[in-house]
Amino acid sequence: AEVRGTWVTDAARYRGRALVIGERSISFQAGAAYDDMSSHIIRRVARQRVPDGMLFDVEYVDGSVYDPPGVIQFIYRDGPTPELMLAHQTQIVWHLETAGR
């Protein structure tokens, strides 16, 4: 499953936000400004097929030995228009950002 890229949603609550998944990093954009981006190093990825798609369990760290790792879980659906849903908010669908969106 190819989940790398910048994920955005049309949900009004998350306008101006993004989830950026790289090969070794994950970043959360909490607002429109570049300063609103927090980036983390991916430490572990587990995948499991579920009825709705592929469940990803991503453990990440921010580089500090004092902070416990964070975890994000999301469901990925492949197809002509790939979709990503956070496991705790499956009603909100995220799409890969493209020039036309």
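Right above here is the structure, for reference.
S.K.: Please explain the sheet that holds strand 4 (residues 37-50) as it appears in this structure.
M.R.: Strand pairing within a sheet occurs via backbone hydrogen bonds; the two strands may be parallel or antiparallel. The eight strands lie next to each other as 1-2-3-4-5-6-7-8, forming a closed barrel whose pairing is antiparallel. Within the sheet, the average angular offset between the axes of one strand and its neighbour, ignoring direction, is 35 degrees.

S.K.: What is the right way to read the nonpolar core from this model?
M.R.: In summary, soluble globular proteins display a tendency toward joint burial of nonpolar side chains. Leu19, Ile21, Phe74 and Leu84 are the most contacted members of the largest nonpolar core, which has 18 residues in total. For Phe74, the contacting residues outside a window of four places in its chain are Val3, Ile21, Met54, Leu55, Phe56, Val58, Leu84, Met85, Leu86 and Ala87.

S.K.: Which parts of the structure should I look at to understand the side chain of His40?
M.R.: With respect to the element layout, His40 can be found in strand 4. Assessed through its relative accessible area of 15%, His40 is described here as buried. Side-chain polar atoms of His40 contact the side chain of Ser38, separated by 3.4 Å.

Definitions and cut-offs
- Residues numbered from 1 in each chain as written.
- Predicted model: local features only at pLDDT ≥ 70, side-chain atom pairs only at ≥ 80, totals over all residues.
- Heavy atoms only, no water.
- Pairing = 2+ DSSP bridges.
- Helix = DSSP H or I, 4+ residues; strand = E, 2+ residues; numbered from the N terminus.
- Axes fitted to C-alpha atoms, helices over the stretch in contact; angles between N-to-C directions.
- Core = buried A, V, L, I, M, F, W, Y, C linked by side-chain atoms within 4.5 Å.
- Buried < 20%, exposed > 50% of the residue type's maximum accessible area, 1.4 Å probe, protein only.
- Contact = heavy atoms within 4.5 Å.
- Polar contact = N/O pair within 3.5 Å; in protein donor to acceptor, adjacent residues only side chain to side chain.

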